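Listed below are the residues making up each chain.
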Amino acid sequence: YWWPCNNGSLEHIFKECDKKTGLPWVRHDGVHNPITDHFDSTPNGHMQSAVKTFSIAYFFTGNETFAAEAVKTLRRWFLDDATHMNPNLNYGQMIPGVCDGRGIGLIDTASWYAVIDSMALLQGSQAYDSATQQAMAHWFSNYTMWIKTSKNGKDESNAKNNHGTWYDTQIQSFALMSGQGSIA
């Protein structure tokens, strides 16, 4: 994990530390930085959990209220103008004072294949109408193209570890979901 360099235990090992800003952040391996809980990772997990839970509840009960909640969550995260995520991770796993974003940040959306699986459970509901399905496919199409063409995506595509495997999983899942089978 990365921490501000003015974190008491790190100042003595990083001489170039700006005491006022804490920049640049430095690696403090194995120690979770609670500041990061306020960024996208925690809300991303909440979004995925809500979509999965409501989609499964709809699938087994047929209760449209559950489908409506799943779709409301999807729309808030991916589609609504005021709250949507842009279809990129330009700032994925950025490190203040070090870099604006890194290829390894793509692993933060690796579990979105489960969001796509959850959307499949919503098929046939009134809430997950064709307009929403098309808008979601469009969003994932744009995101897939960003992954394939961006510097961060290209960096991650060359990874020879779990990051490379998750890159492939995402490309396949997102491309198939968005009608881009030829690149899956």
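Residues numbered from 1 in each chain as written. Predicted model: local features only at pLDDT ≥ 70, side-chain atom pairs only at ≥ 80, totals over all residues. Heavy atoms only, no water.

J.: Sorry, what's going on with the overall build of the protein chain here?
T.: Per the secondary structure count, the protein chain includes 6 helices and 2 strands. Tracing the protein chain from N to C terminus, the helices and strands come up as β-β-α-α-α-α-α-α. C-alpha extents for the protein chain along the principal axes are approximately 60 × 35 × 30 Å. When the 184 residues of the protein chain are sorted by exposure, 36% land in the buried category. Within the protein chain, residue pairs in contact and separated by at least 24 positions form 62% of the contacts whose partners lie at least 6 positions apart. With an accessible surface of roughly 10,200 Å², the protein chain has 54% of that area assigned to carbon and sulfur atoms. For the protein chain, the distance from the average position of its 13 positive side-chain charges to the average position of its 17 negative side-chain charges is 5 Å. (Helix = DSSP H or I, 4+ residues; strand = E, 2+ residues; numbered from the N terminus. Buried < 20%, exposed > 50% of the residue type's maximum accessible area, 1.4 Å probe, protein only. Contact = heavy atoms within 4.5 Å. Areas by Shrake-Rupley, 256 points an atom, 1.4 Å probe, with all protein chains shown as cover. Lys, Arg positive; Asp, Glu negative; His and termini not counted. Charge placed at Lys NZ, Arg CZ, Asp CG, Glu CD.)

J.: Please explain the pattern of salt bridges as it appears in this structure.
T.: Here the idea is simple: oppositely charged side chains can pair when their charged atoms come close. This model, assessed by the stated rule, comprises 3 salt bridges. K72 is paired through a salt bridge with E69; the nearest N and O atoms lie 3.4 Å apart. On the criterion of helical spacing, the pair formed by K72 and E69 is a turn pair, its members being 3 residues apart in helix α2 (residues 64-79). K72 gets classed as partly exposed once you look at its relative accessible area, which sits at 42%. Salt-bridge contacts for D80 lead to R75; the nearest nitrogen and oxygen are separated by 3.7 Å. (Salt bridge = Lys/Arg side-chain N within 4 Å of Asp/Glu carboxyl O.)

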